[in-house]
Amino acid sequence: MRQTLPSDDIHASVERALHDVLADKYTVLIDCESERGVLPPDVREHVGGDLGRTILRACAEDKTRLESAIVLLYGDIETCASIRGSINGAFPVIAMVPTERHVTLYRDDEVIATFGKVPHKPWIFLRVALDIAGEAGKGAVVLSYAGPYGNTAIHDGIPTSFPLQDRVGYRPPSSVDIAT
């Protein structure tokens, strides 16, 4: 069970902007580290197929998830552009791009909102977005490619998969293992 701290509360206008974008959507967060916007070769090669398989599996429960699917990203503009290029326009992309003072929310190439990020950490924005997608949308899932948010998502009860580790038979620790 997730504990909410006062620092976890985000401004109502931020939550409203995220709600406007994510309500009625099936949201897939792609969690990935990159070096100066360059994705690791394994990620670049597989992310499109992994994304497609994840969405098709979700359609077994709700067929409308296919037409409502969007990809959520958080990172520098180069990393977000690289992931967008790797999925080749298969699904709309919502990107949260932080700077020193702000987080800009993009839908594909269009700026749809800008808000201050201090004192919030990236996971706070992402968790709120995934919670909105889960509660007011058609669900949310995290595809983690050794990114910084996969284990936190598991801990917070958000469905998470680790496609690169799955390919080599590695399983990340369960939420029970993480809590102990």
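Residues numbered from 1 in each chain as written. Predicted model: local features only at pLDDT ≥ 70, side-chain atom pairs only at ≥ 80, totals over all residues. Heavy atoms only, no water.

Asker: Could you clarify how one ought to interpret the overall build of the chain in this entry?
Answerer: If you tally the helices and strands in the chain, you get eight helices and seven strands. Burial statistics for the chain: of 180 residues in total, 46% are counted as buried. Considering only intrachain contacts with a sequence separation of at least 6, the fraction spanning at least 24 residues in the chain is 57%. Accessible surface for the chain amounts to roughly 9,500 Å². Of this, 51% is attributable to carbon and sulfur atoms. (Helix = DSSP H or I, 4+ residues; strand = E, 2+ residues; numbered from the N terminus. Buried < 20%, exposed > 50% of the residue type's maximum accessible area, 1.4 Å probe, protein only. Contact = heavy atoms within 4.5 Å. Areas by Shrake-Rupley, 256 points an atom, 1.4 Å probe, with all protein chains shown as cover.)

Asker: How should the side chain of Asp 50 be read in this particular structure?
Answerer: Along the chain, Asp 50 turns up in helix H2 (residues 41-59). Overall, the relative accessible area of 5% leaves Asp 50 in the buried class. Those residues in contact with Asp 50, other than ones at most four positions away along the chain, are Leu 143, Tyr 145, Pro 163 and Arg 167.

Asker: Any chance you could explain unusual backbone geometry here in plain terms?
Answerer: Within the chain, Asp 24 stands out as a residue other than glycine whose phi angle is a positive 65°. Mapped onto the elements, Asp 24 comes out in the loop between helix H1 (12-22) and strand E1 (26-32). Here Asp 24 falls in the exposed class, since its relative accessible area comes to 53%. Residues other than glycine seldom take positive phi values, yet Asp 108 does so here, at roughly 55°. Considering the arrangement of structural elements, one finds Asp 108 in the loop between strand E4 (102-107) and strand E5 (110-116).

Asker: Help me understand the environment of Val 142 in this model?
Answerer: Mapped onto the secondary structure, Val 142 falls in strand E6 (residues 139-145). Sequence separation between Val 142 and Asp 31 is 111 residues, and the spatial gap between their C-alpha atoms is 6.9 Å. Setting aside residues up to four positions removed in sequence, Val 142 forms contacts with Leu 29, Asp 31, Leu 130, Ala 153, Ile 158, Pro 159, Thr 160 and Ser 161.

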